[in-house]
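Residues per chain, in single letters:
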Amino acid sequence: MKKERIKNIALLSLIILNVLLCSRILIDKKLWPHGYNFFVDRENSFMGQVIDNIFQGQKNLSESKVQLISPQRIMLNTGYQSTRLSLDSSDEKYYEINDMVQNILKQAMSEPSKSVTSVSKEDWYTVLTGKSIYLSYTTEFDSKLFAKFLSSKDSEITNMITSVSNVVISSAAGNTLVYIQNGHEDVYYKISLSNASTEIDSVINYFQTQMDKKGDSGLNIINYAFDLSFDTLFGGQKTILNPMIPIYSNPQSFATINAENPILRLDNTLNHSVIDKILKCFNINANTVRRYTEADGTMVFVENNATLKMSLSGVLEYTAKDGANGLKLSDSSNAYDNITNVANFIDNINQIATTERKLCVSSSLLNQEIKPTTLQITFDYVVNGMPVILSTPKTNHAVTVIAENGYLKKYVQKLRSYHMTNEYVEIPEYINALDSAIAAKTSDTSEIADMYTAYFDDGQVGSKTANWKVDVKE
Amino acid sequence: MNWSRAKTILIIFFIVINMILLGTIIHTTNKSDAVSTEVLDATVEILNSNKILIKKELIPTKHVQIPYVEVNNIVGDYNEFAKKMLMSETLQKGEQNTYYANEQIITFTADNFQFTTKTPLNSDILLNINDTNIEEKTKLILKRYGFNYKDIKVNWLYAENKYIITVMQTINGSLIFDSSLKIECSKDGLYSIYGTWFEKNTKYSNVDVKLKSVTSILIDFIAKKTNTEDIIQIMSLEQGYSVYENETYHKTLMLIPVWQITLEDGTTHMIDARQTT
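What counts, and where the lines are drawn
- Residues numbered from 1 in each chain as written.
- Chains lettered and ligands numbered in written order.
- Predicted model: local features only at pLDDT ≥ 70, side-chain atom pairs only at ≥ 80, totals over all residues.
- Heavy atoms only, no water.
- Helix = DSSP H or I, 4+ residues; strand = E, 2+ residues; numbered from the N terminus.
- Buried < 20%, exposed > 50% of the residue type's maximum accessible area, 1.4 Å probe, protein only.
- Contact = heavy atoms within 4.5 Å.
- Areas by Shrake-Rupley, 256 points an atom, 1.4 Å probe, with all protein chains shown as cover.
- Patch = residues over 30% accessible without salt bridge, like charges linked within 9 Å, V, L, I, M, F, W, Y side chains within 5 Å.
- Salt bridge = Lys/Arg side-chain N within 4 Å of Asp/Glu carboxyl O.
- Phe/Tyr/Trp six-rings, centres within 6.5 Å; stacked < 30°, edge-to-face > 60°.
- Lys NZ or Arg CZ within 6 Å of the ring centre and 35° of its normal.
- Buried area = accessible area lost by both parts, 1.4 Å probe.
- Polar contact = N/O pair within 3.5 Å; in protein donor to acceptor, adjacent residues only side chain to side chain.
- Nonpolar A, V, L, I, M, F, W, Y, C, P; charged D, E, K, R; others polar.
- Pairing = 2+ DSSP bridges.
- Axes fitted to C-alpha atoms, helices over the stretch in contact; angles between N-to-C directions.
- Parallel < 35°, antiparallel > 145°, perpendicular 65-115°, else oblique.
- pLDDT = per-residue confidence, 0-100.

Chemist: Please give an account of the overall build of chain A that cites residues and values.
Modeler: Looking only at helices and strands, one finds 11 helices and 25 strands in chain A. Burial analysis of chain A (474 residues in total) assigns 48% to the buried set. Sequence separation of at least 24 residues holds for 65% of the intrachain contacts in chain A that already meet a minimum separation of 6. Total accessible area on chain A stands at roughly 23400 Å², and carbon and sulfur atoms take up 51% of it.

Chemist: Outline a nonpolar patch on the surface, listing residues and values.
Modeler: All names here are of chain A. Taken together, the side chains of Leu 12, Ile 16 and Leu 20 make up a nonpolar region of the molecular surface, amounting to roughly 310 Å² of accessible area. Positionally, Leu 20 belongs in helix H1 (residues 2–27). Judged by relative accessible area, which is 53%, Leu 20 ranks as exposed.

Chemist: Can you lay out the packing of aromatic side chains for me, pointing to particular residues and giving the numbers?
Modeler: Residue and element names in this part refer to chain B. Applying the stated criterion to the full structure yields 29 aromatic pairs over all chains. Arranged with centres 5.0 Å apart and planes meeting at 65 degrees, the rings of Phe 81 and Phe 113 form a pair that is edge-to-face. Pair noted here: Phe 81 is in helix H3 (residues 78–86) and Phe 113 is in strand E6 (residues 112–121), with a separation of 32 residues, a long-range link. What makes Phe 81 buried here is its relative accessible area of 3%. A connected cluster of aromatic rings, assembled from ring pairs, spans Tyr 78, Phe 81, Tyr 99, Phe 108, Phe 113, Phe 147, Trp 197 and Tyr 249. The aromatic ring of Phe 147 is capped on one face by Lys 84, whose charged end is 5.9 Å from the ring centroid. One cation-aromatic arrangement involves Lys 162 over Tyr 191; the distance from NZ or CZ to the ring centre is 4.8 Å.

Chemist: Tell me about unusual backbone geometry, and name the residues and values.
Modeler: Here Thr 354 of chain A, not a glycine, exhibits a phi torsion of approximately 50 degrees, which is positive. Here Thr 354 of chain A lies in the loop between helix H10 (335–353) and strand E17 (359–361). Residue Thr 354 of chain A is classed as exposed on the basis of its relative accessible area, which comes to 53%. Even without glycine at this site, Ala 110 of chain B takes up a positive phi of about 55 degrees. Within the fold, Ala 110 of chain B resides in the loop between strand E5 (104–109) and E6. Taking relative accessible area as the criterion, Ala 110 of chain B reaches 16% and is therefore assigned buried.

Chemist: Now, about the side chain of Thr 307 of chain A: what can you tell me, with residues and values included?
Modeler: Within the element layout of this structure, Thr 307 of chain A appears in strand E15 (residues 306–310). Sequence-distant contacts of Thr 307 of chain A, defined by excluding residues within four places in its chain, comprise Val 300, Phe 301, Val 302, Glu 317, Tyr 318, Thr 319 and Lys 321 of chain A.

Chemist: Account for the interface of chain A and chain B, naming residues and giving values.
Modeler: Counting from both sides, the interface comprises 24 residues of chain A and, opposite them, 34 residues of chain B. Both faces combined, the contact of chain A with chain B buries some 2700 Å², and carbon together with sulfur accounts for 61% of it. Counting every contact that joins chain A to chain B gives 1 salt bridge. The residue Glu 4 of chain A makes a salt bridge to Lys 7 of chain B at a minimum N-O spacing of 3.0 Å. Counting across the chain A and chain B interface gives 11 residue pairs in polar contact (both at pLDDT 80 or more). If you list the elements that add at least two residues to the side of chain A that touches chain B, you get H1 and strand E13 (290–293) of chain A. Looking at the side of chain A that touches chain B, the element that brings in the most residues is H1 of chain A, giving 13 residues. Grouping the amino acids of the side of chain A that touches chain B by side-chain chemistry returns 12 nonpolar, 5 polar and 7 charged. Pairing of E13 of chain A with strand E13 (residues 252–263) of chain B involves 2 bridges; the strand directions are antiparallel.

Chemist: Can you explain the pattern of salt bridges? Please cite residues and give values.
Modeler: By the definition in use, this model includes 22 salt bridges over all chains. Asp 471 of chain A is the partner of Lys 469 of chain A in a salt bridge, and the nearest nitrogen-oxygen pair spans 2.5 Å. When the shortest N-O distance is used, the salt bridge between Glu 184 of chain B and Lys 162 of chain B registers 3.7 Å. Of this pair, Glu 184 of chain B sits in strand E9 (residues 174–186) while Lys 162 of chain B is found in strand E8 (residues 162–171), placing the two residues 22 residues apart along the sequence. Assessed through its relative accessible area of 28%, Lys 162 of chain B is described here as partly exposed. Taken together, the shared-partner salt bridges connect Arg 416, Asp 457, Asp 458 and Lys 464 of chain A into one network.

Chemist: Any chance you could break down the environment of Thr 202 of chain B for me, citing the residues and the numbers?
Modeler: Of note, Thr 202 of chain B is situated in the loop between strand E11 (198–200) and helix H6 (214–224). Classification of Thr 202 of chain B as exposed rests on a relative accessible area of 78%.

Chemist: Pulling in residues and values, what's your account of the sheet that holds strand E22 (residues 417–426) of chain A?
Modeler: In a beta sheet, neighbouring strands pair by backbone hydrogen bonds and run either parallel or antiparallel. Residues and elements named next belong to chain A. Within the open sheet, the 3 strands sit side by side as E22-E12-E24. Their pairing is antiparallel. In this open sheet, the two strands that pair with only one neighbour each are E22 and strand E24 (462–464). When the angles between neighbouring strand axes are averaged without regard to direction, this sheet yields 30 degrees. Bridge count for strand E12 (residues 253–260) against E24 is 3 bridges, and the pairing is antiparallel. Pairing of Asn 258 across the sheet is with Ser 463, part of E24.

Chemist: Run through the packing of helix H2 (residues 37–49) of chain B against H6 of chain B, naming residues and quoting values.
Modeler: All names here are of chain B. Axis separation between H2 and H6 bottoms out at 10 Å; the angle between their running directions is 10 degrees. As judged from the angle between their axes, H2 and H6 are roughly parallel. In contact with Val 39, Thr 43, Ile 46 and Leu 47 of H2, H6 contributes Thr 215, Leu 218, Ile 219 and Ile 222. When grouped by side-chain class, the residues that make up the contact of H2 with H6 number 6 nonpolar, 2 polar and no charged.

Chemist: An account of the confidence of the model for chain B is needed here, citing residue identities and associated values.
Modeler: All names here are of chain B. Confidence in the prediction of chain B, expressed as mean pLDDT, is 87, and 96% of residues score 70 or more. Per-element mean pLDDT across chain B ranges from 85 in helix H4 (residues 123–126) up to 94 in strand E10 (residues 189–195). Across the interface, the model reports ipTM at 0.74; the global pTM reads 0.80.

Have a look at this one:
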């Protein structure tokens, strides 16, 4: 019996040793025959490809949250006096209505040029005072790019309408009508769609009913600047407003948000594992890159073609060296592919760094089709449906990208995460905010190009509140 | 079935298999760590054809893997380091990162510091310094100022009644080639210490990185030869670490594994030993 027991122990030990030796040979690269790689062989095998496709598919399910084509604000004009409803991405119904209008716009931008007619400013104003949906964008688009973002078919329409800044959708006599303001000039076009859509009226009617039930109609008095003639100079008035600026008669209050640096640990050191993953996004090998820390704690990674810096305050900065190409973002030379790839790249970094994922374009997208190989674009964070206005020594935007011929030349991002609090703060009344902005200017006459609510972030960690952002035309 | 007999057969079978596997592992490990004679000969031939002479015996025949290491600059903060070196809590600050106290002065430029004193210091340690006890005295001086004095290599020369001691650090047994301290002293005391100094970051563990073989390094060196007509002779080859760039200040940094090639005329060249792919 004792002999059998010894045999059992010996056999078991030999089997374990055998497993260890085999696994050592499989894992230790030094021991592989020249040119052989066990893991690459498994990966390239049929089953390996099947498994890889399953995981790849799951990765693609998480859609980019960088808003390239979604409007900043959707205004539902009820047609009843000045009762309007303003929706942004914090509202539940925003996405449903956005999907509907995107389909309509997709069709509109695919229409032949004979569907397009020029209309006057008065026609534009008339449709805004009736039942319609007004889409306000954060930037001005090149019309060809706008059409590509909507996946519209190629059409001559983009030769007539060269840029898109504001859009209104209405229905009349069984037709769906799309009105587009060409740039910021007083040039307007109307596109008649061949298929009738009853959705617009039913959506507006639904909201009107909801407002009436709640008794909110009085709370939703919103005038456009042109409604109150604020867009023209008369009498002693020294300031004019952009006619499309909405004027809210009721006080507004918004939740404060808490801003955090998502890659800073509790002991005020940077999260190295997140940084290593970010390095991978930029095709930088964390193990072999030359790295050092500057006096202020900024981590610097130096590669042959570029330098990447990560500061303690959460500023990520990538700069390609002079004469070098930098990270390859796109094989394509067209603006649509470049911008889409940039948006996906940003979203990838945001997911890794657990940064706020919702961003909107904050720089003009005009002329991108003319100079598609050079891309200079900025993005801002969107929280609670409103843009975040950053003001820091290094950057005034969430993300700034400069790319040339599909290669990344410069990338600057202030990594931030925002959390809503239960504390609400009432912002100054509209007219007071306007007066303050005008008083700050010394010129005799001022033109307010835009006025909207936004969060203001000075780059420090902590509580941030919303307020009016007034853009005065210089 | 006779399980006892089956077990005996299996035991013998596994003993044989395990011995074969073990033998394979040992043989392959030795082979991959070793540089074959054919490769050595071919390398020397290529170098000779490019007018670079080297004795075959100088080329190490065994590949040694050294890890990637993170180090901290001993000068973590200019002000705090100045207080430590000048041994005074109150300092006078001059221009360009210069600090004064007790007739001593310290200046910082990027990673470098230069400490000098009008009257010699530490005469208690250096009183009986001579050619035989220089290393011991150097360690005492380093210890007094809070430097790591254990893993060092000391060279010295005597000129104008002073010892000029060069101290270099070793990490994991390998020298940091472009970081050193120069100590000027005599029996009267210490006159100056200047240079750069880094200490291993104990929080960061060594990272294994694939390194090029020494023969690949020698081939890479050919590209560095500026004048194709001159004949140059390699006198030594040594593996170690490099800071790589001293023009800016580094609070922490990763040391680069390199090979230092020393030529007949005394010039040295550093070749990055990392495999980039």
